[in-house]
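What follows is each chain in one-letter form.
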Amino acid sequence: KKEYDRFIEYLRFYNIKNLLKSYRKALLYNSSSLKISEFFERELNSAFRSYKVGDFATSRLQFQDIYNSYKPFYKNNLDEILFLWAESNFGLRFFSEARELYHKIIIEYPISNRVSIAAYRIIFMDYVYGNSTKFLSDFNKYKNILEKDKKIWNKALLIGLTSGDLWDVINKGIAISRNFK
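Residues numbered from 1 in each chain as written. Predicted model: local features only at pLDDT ≥ 70, side-chain atom pairs only at ≥ 80, totals over all residues. Heavy atoms only, no water.

Draft legend 1. Seen up close, the overall build of the chain. Within the chain, the regular secondary structure consists of nine helices and zero strands. Taken from the N to the C terminus, the helices and strands of the chain come in the order α-α-α-α-α-α-α-α-α. In the chain, which comprises 181 residues, the share counted as buried stands at 36%. Accessible area for the chain stands at about 11600 Å²; split by element, carbon and sulfur atoms hold 55% of it. (Helix = DSSP H or I, 4+ residues; strand = E, 2+ residues; numbered from the N terminus. Buried < 20%, exposed > 50% of the residue type's maximum accessible area, 1.4 Å probe, protein only. Areas by Shrake-Rupley, 256 points an atom, 1.4 Å probe, with all protein chains shown as cover.)

What follows is the structure, given as structure tokens:
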């Protein structure tokens, strides 16, 4: 009996959640661009406040919701939302989700100013997990992106040298062609 009651409660909640999503979608699609912009700003401010105070669990869900809800309206300008969503996951140590989002930034928004930080975060997570093979693979994969920002490039080199992974590469004759400054 209790399990059945919990199941019914879950269905009720799930139904309400879907109804709210449908209502919101209808509201957005039937609103003027000015109204959509107002809704977007309001939700973005709320999510950013959560992020700023370190409530990454809440901001993660908010940024995810904003990204998914407003992508049809702002296809080319959501790189910052995606980045903050990834950072919220990173702050919660949900590294696999963060990694996917950082990779998505690199692929979907290649001219974003967040691409080099996203690439750095990916190799940093490889370092944290101690995965040498993945680190070297990702380092080589994102090397061109990392080199574009001197500070990030130096951090990436430092991580590689600290972990010993780049020393192994250098000793094998696949030396890095940049000076560490």
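Having seen it, we continue.
Draft legend 2. Inspection of the packing of aromatic side chains at higher detail. Evaluated as defined, the whole model comprises 18 aromatic pairs. Each ring, one from Tyr 51 and one from Phe 63, has its centre 6.3 Å from the other, and the planes form 70°; the classification is edge-to-face. Placement of the pair is Tyr 51 in helix H2 (residues 33-52) and Phe 63 in helix H3 (residues 56-70), with a sequence separation of 12 residues. Ring centres of Tyr 70 and Phe 73 lie 6.4 Å apart, and the angle between their planes is 55°; this geometry places the pair in the tilted category. (Phe/Tyr/Trp six-rings, centres within 6.5 Å; stacked < 30°, edge-to-face > 60°.)

Draft legend 3. Quick look at helix H5 (residues 95-108). For H5, spanning 14 residues, the distance from its first C-alpha to its last is 20 Å, which sits close to the expected 20 Å at 1.5 Å a residue. Regarding H5, the residues found buried are Phe 95, Ala 98, Leu 101, Tyr 102, Ile 105 and Ile 106. In an axial view of H5, the angular spread of the buried residues amounts to 145°, which keeps them on one side of the axis. Every exposed residue of H5 that faces more than 90 degrees away from the buried side is listed here: Ser 96, Glu 100 and Ile 107. Packing partners of the buried residues in H5 comprise helix H4 (79-91), helix H6 (115-129) and helix H7 (132-147). (Expected span 1.5 Å × (residues − 1). Arc of directions from axis to C-beta. Contact = heavy atoms within 4.5 Å.)

Draft legend 4. Spatial organisation of the nonpolar core. Ranked by internal contacts, the top residues of the largest apolar core, which has 43 residues, are Phe 63, Ile 81, Tyr 102, Ile 106, Phe 139 and Leu 146. If you list the elements that add at least two residues to this core, you get H2, H3, H4, H5, H6, H7 and helix H8 (150-163). With sequence-adjacent residues up to four places away left out, Tyr 102 is seen in contact with Phe 83, Ala 86, Glu 87, Phe 90, Ala 118, Arg 121, Ile 122 and Met 125. (Core = buried A, V, L, I, M, F, W, Y, C linked by side-chain atoms within 4.5 Å.)

Draft legend 5. Expanded view of the packing of H2 against H3. Relative to each other, H2 and H3 sit at 160°, their axes nearing to 8 Å. Viewed along their axes, H2 and H3 adopt a mutual orientation that is roughly antiparallel. In this structure, H2 meets H3 at a crossing whose hand is left-handed. For the pair H2 and H3, contact is made by Ile 36, Phe 39, Phe 40, Glu 43, Leu 44, Ser 46, Ala 47, Phe 48, Ser 50 and Tyr 51 and by Phe 56, Thr 58, Ser 59, Gln 62, Phe 63, Asp 65, Ile 66 and Tyr 70, respectively. (Axes fitted to C-alpha atoms, helices over the stretch in contact; angles between N-to-C directions. Parallel < 35°, antiparallel > 145°, perpendicular 65-115°, else oblique. Left-handed = near helix turned anticlockwise from the far one by under 90°.)

Draft legend 6. Local environment of H4. Taking 1.5 Å per residue as the helical rise, H4 with its 13 residues ought to reach 18 Å, and the 18 Å between its terminal C-alpha atoms agrees with that figure. Most of H4 is tucked away: 11 of the 13 residues are buried. Within H4 the residues assigned to the buried category are Asp 79, Ile 81, Leu 82, Phe 83, Leu 84, Trp 85, Ala 86, Glu 87, Ser 88, Asn 89 and Phe 90. Residues of H4 that are buried in the fold lie against H2, H3, H5 and H6.

Draft legend 7. Fine view of the environment of Leu 101. The residue Leu 101 is located in helix H5 in this model. We classify Leu 101 as buried; its relative accessible area is 7%. Distance in space between the C-alpha atoms of Leu 101 and Phe 90 is 10.0 Å, their sequence separation being 11 residues. Setting aside residues no more than four positions away along its own chain, Leu 101 makes contact with Leu 82, Trp 85, Ala 86 and Asn 89.

Draft legend 8. The arrangement of the environment of Lys 104 in detail. Its location among the elements puts Lys 104 in helix H5. Expressed as a C-alpha distance, the spacing of Lys 104 and Val 115, which sit 11 residues apart in the sequence, is 9.6 Å. When sequence neighbours within four positions are dropped, the list of residues in contact with Lys 104 reads Tyr 67, Leu 82 and Tyr 109.

Structural measurements only, silent on function.
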